[in-house]
Amino acid sequence: MPLPREACGEAQMPEQGHISKLLLATAAALFVLSPLCPAQESPWSLTGDVTTGFATNYVVDGGEFRNSVTPFNLNLNLDGYLGHPDFLSFSLRPQLLAGENAPQAGFGGQNGYTASVRLLRRRAFPLTVSYSDYRLDSMAYGALLGLDASRYRTRYEDLSFTWQLRFRRLPRITLSAVHANSQVKPELIVLPTQTSRDNNYGVQFDYARWGWGFQGEWRRTRRALDSFAPQMSTLTSLSTDQDSKWAYFNAQKHFSALNLFSISAGRRDVDELLNHLVPLQHEGYYTNLTTSLAGRSRWSALFQAAYNSDRSGIFQQGPLPVTPGAGIAIFSTGISTFTASSDAHYDVHKNWNLFGGLHWTQARNRNLGEPRFAESILSSNAGLGFHKRFSWANLNSSYALSYAFPTSAPPTVNYSSIGHAFSLQADRGNLEKLELNGVVSAGINRITSDIFLQRRDVLAELGLARRMRNYILRGRFGYRTAEVQDFSTYNYHDWSFQIGAEHRRFGASYHRNMIGGTSVTLGGSSLGNPLLRRFLSTSRTQGLTVNLMPWRNLHAQVNWMTLGQVLDGSLRNQSHYLDSSLGYNFRQMTLDIGYARYDQDLLGLAGVARSSFYVRLKRSFRVF
């Protein structure tokens, strides 16, 4: 179904039309007269809210811009039924927003409506139909080359059907279909406009018989996606036409409260046409088998087996339809894997337990002709756990050893790995005295292959909490470091700090995070001698959140955050964000006063800034 004739994404503000004037007049009458309308018993109900106010916006983005806006937002909720709620029930949600720059000032930015109808909801064949058509005006904040605080206009339309068949002693079947159109248009012309058209339909079933549970689904999706930016058409133009089919089946049974058997299988086929020229195809299927066993006291075990197969490529097709992958392969890649694994857990003592597992994986090439490789790897892990409640603390600790090696004869790749992992966790006390909890973990993993790799990780955290009269004070400190050695060496460390206070009328939290890392890359020179290039990167973030409610109807909040990034001593990014508001509730009315600001400086270039001050009044009402 084609998109409506209006330009998708353009926020067509309807306040100048006759319909908008009528809605505004109706809203004003409801705003004033709604307390006079007594609640009556009726199969229909109409509620909603009206929001208005005043806002000033200041924008810096290659220039300075100021504007003022008096937004008006009307939301209505119409619910009801005809004859009986079990026969036909419906809901209608219209929304109206007047004010060109209202979203930037913190007001909602949606125009349109959503509607749904449900027929025979308690019978064996209920039907639900839903339709949505709206325009959304919004702001997005990011960190991409200064293109921050960008404004986006979205047009969205969808129509969906859901029909259930739930007869006794027969499988429960659900038929569904969805048709949707959307367009996202940015305010900056250098960013691409994205248009999509989707058609999705399928069938699901659910059936229980003889102690077994069966589930399955088949679904087909057709999607067309276009991306285009007028100023950068050669870089951002992209179109994709995709047709995908997916099927799934699962069966499971509990032979006892502790034993479960499950088997599932699925398949997916995707045909895709890129830029109307390049055909892409993908086919894949899988099978999974899971069995879990457990003793009544000390032991438990889990066995899993899985087979996965995927193949993708570009195939030159003839004039007649052919099966996927049956044409002449221009490019093809595929792999199939079989995995079998088992894990076990045994409580040796009330404080000690043993755990371990075996995992075997075999991979084969799925390309046409003889397979290029067939490789299998066996990995194992074993460990010891300890947990005990002492008078001074509760301790949980574990150590695990892992090892993997190829089992092919002869192996096609030189590969082996060994790893060690240790963790210790302790906690004690309570809020009335002093609550402490700490975690320490360390790990090292060494992989020997054609590409050497080694990684070390260390983590330490400490948390404290204490109740002081009506307040709860919390604090947390953390440190994490990692080092990776390969053709290049990289290490980083991360310090984190957080404190907070909680009260039924007050809450505050401050956090600070500092990340630093060094990367050393092995390069070359004109004389053949190796060169070492060192990159230093640092990042600092901090934030403060405060929530106040000194009286029942008065509330205030402040959110503040800063970010600083430096890469190789020259690439810099600084950004600040502040959002504060003060609100008061009086019966059905809410008054909010707020100030928001976002600014960024990237590479010392002209910065991007957005700020707004607003006064917002919201009134909820019920007509009948």
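As the structure is a prediction and not an experimental result, all values here were calculated from the model.

Visitor: Could you clarify how one ought to interpret the overall build of the chain in this entry?
Guide: Scanning the chain for helices and strands turns up two helices and 29 strands. Residues counted as buried form 31% of the 624 residues belonging to the chain. A sequence separation of at least 24 residues applies to 52% of the contacts in the chain between residues at least 6 apart. Counting every atom, the chain has about 37,200 Å² of accessible surface; 60% of that belongs to carbon and sulfur.

Visitor: What exactly am I supposed to notice about the pairing of strand β11 (residues 238-254) here?
Guide: The pairing of strand β10 (residues 212-228) with β11 spans 16 bridges and is antiparallel. Within β11, the position partnered with Gln215 by the bridge is Asn250. Alignment of β11 against strand β12 (residues 260-274), held across 15 bridges, turns out to be antiparallel. Residue Asp241 lies in a different strand from β12, and its bridge partner there is Leu273.

Visitor: Mind showing me how you'd approach the pairing of strand β3 (residues 72-82) here?
Guide: Looking along a regular strand, one sees the side chains alternate between the two faces of the sheet. In terms of strand pairing, β3 meets strand β4 (residues 88-98) through nine bridges, oriented antiparallel. If you follow Gly80 over to β4, its bridge partner there is Phe90. Connecting the antiparallel pair β3 and β4 is a turn made up of five residues, with Gly83 showing a positive phi of about 75°.

Visitor: How do you make sense of the pattern of salt bridges when you look at a structure like this?
Guide: Close approach of charged atoms allows side chains with opposite charge to pair. All chains considered together, the criterion is met by 17 salt bridges. For Asp86, the salt bridge goes to Arg122, with nearest N and O atoms at 3.1 Å. In this pair, Asp86 sits in the loop between β3 and β4 while Arg122 sits in the loop between β5 (110-119) and β6 (127-140), placing the two residues 36 residues apart along the sequence. Exposure remark for Asp86: the relative accessible area of 23% places this residue in the partly exposed category.

Visitor: How should I be thinking about the nonpolar core in this particular structure?
Guide: Taken as a class, soluble globular proteins show a tendency for nonpolar side chains to be buried jointly. Counting 12 residues, the largest nonpolar core consists of Leu46, Val50, Phe72, Leu74, Leu76, Leu78, Leu88, Phe90, Leu96, Ala98, Phe621 and Val623. Residue assignment for this core shows that the elements contributing at least two residues are β1 (44-61), β3 and β4.

Visitor: Can you help me understand unusual backbone geometry in this one?
Guide: We note that Arg169 has phi near 65°; this positive angle belongs to a residue other than glycine. Inspection of the secondary structure assignment puts Arg169 in the loop between β7 (150-165) and β8 (172-186). In this structure, Arg587 takes a positive phi of about 55° despite not being glycine. Relative to the helices and strands, Arg587 resides in the loop between β27 (571-586) and β28 (589-602). For Arg587, a relative accessible area of 77% corresponds to the exposed category.

Visitor: So what exactly am I meant to see when it comes to a nonpolar patch on the surface here?
Guide: A cluster of nonpolar side chains, Phe125, Trp163, Phe167, Leu170, Leu175, Tyr201, Val203 and Trp218, forms an exposed patch at the surface whose accessible area comes to about 690 Å². Positionally, Phe125 belongs in the loop between β5 and β6.

Visitor: How should the packing of aromatic side chains be read in this particular structure?
Guide: We describe a pair of aromatic rings using the distance from one ring centre to the other and the angle between the two ring planes. Summed over the entire model, instances satisfying the criterion amount to 19 aromatic pairs. Relative to Trp218, the ring of Tyr201 lies with its centre 6.4 Å away and its plane at 50°, an arrangement referred to as tilted. Within this pair, whereas Tyr201 is found in strand β9 (residues 193-209), its partner Trp218 is found in strand β10, the two being separated by 17 residues in sequence. Assessed through its relative accessible area of 37%, Trp218 is described here as partly exposed. Residues Trp212 and Phe214 carry aromatic rings whose centres are separated by 6.2 Å and whose planes lie at 20° to one another, so their mutual orientation is stacked. An aromatic cluster of three or more residues is present, and its members are Phe205, Trp212, Phe214, Phe249, Phe255 and Phe261.

Visitor: Can you help me understand the confidence of the model for the chain in this one?
Guide: Should pLDDT be low for a region, the predicted coordinates there are not to be read in detail. Per-residue pLDDT for the chain averages 80, and the proportion of residues at 70 or more is 78%. Note that pLDDT drops below 50 for residues 29-40; the model gives that stretch 13 contacts with residues more than four away or on any other chain. For residues 525-530, every residue scores under 50 in pLDDT, and the model assigns this stretch four contacts once sequence neighbours within four places are set aside.

Visitor: Looking at this model, I keep getting lost on the environment of Arg219. Mind explaining?
Guide: With respect to the element layout, Arg219 can be found in strand β10. A residue is classified by how much of its surface remains accessible, and Arg219, at 17% relative accessible area, is buried. Distance from Arg219 to Tyr201, taken between C-alpha atoms, is 5.8 Å for residues 18 residues apart in sequence. Residue contacts for Arg219: discarding those within four places in its chain leaves Ser176, Asn200, Tyr201, Gly202, Gln204, Ser244, Lys245 and Trp246. Reaching out from Arg219, the side chain makes a polar contact with the side chain of Glu217 at a distance of 2.8 Å.

Visitor: Explain the environment of Asp133 here, please?
Guide: Inspection of the secondary structure puts Asp133 in strand β6. Apart from the residues lying within four places of it in its own chain, the contact partners of Asp133 are Asn111, Gly112, Tyr113, Arg155, Tyr156 and Glu157. Reaching out from Asp133, the side chain makes a polar contact with the side chain of Arg155 at a distance of 3.0 Å.

Cut-offs and rules
Residues numbered from 1 in each chain as written. Predicted model: local features only at pLDDT ≥ 70, side-chain atom pairs only at ≥ 80, totals over all residues. Heavy atoms only, no water. Helix = DSSP H or I, 4+ residues; strand = E, 2+ residues; numbered from the N terminus. Buried < 20%, exposed > 50% of the residue type's maximum accessible area, 1.4 Å probe, protein only. Contact = heavy atoms within 4.5 Å. Areas by Shrake-Rupley, 256 points an atom, 1.4 Å probe, with all protein chains shown as cover. Pairing = 2+ DSSP bridges. Salt bridge = Lys/Arg side-chain N within 4 Å of Asp/Glu carboxyl O. Core = buried A, V, L, I, M, F, W, Y, C linked by side-chain atoms within 4.5 Å. Patch = residues over 30% accessible without salt bridge, like charges linked within 9 Å, V, L, I, M, F, W, Y side chains within 5 Å. Phe/Tyr/Trp six-rings, centres within 6.5 Å; stacked < 30°, edge-to-face > 60°. pLDDT = per-residue confidence, 0-100. Polar contact = N/O pair within 3.5 Å; in protein donor to acceptor, adjacent residues only side chain to side chain.

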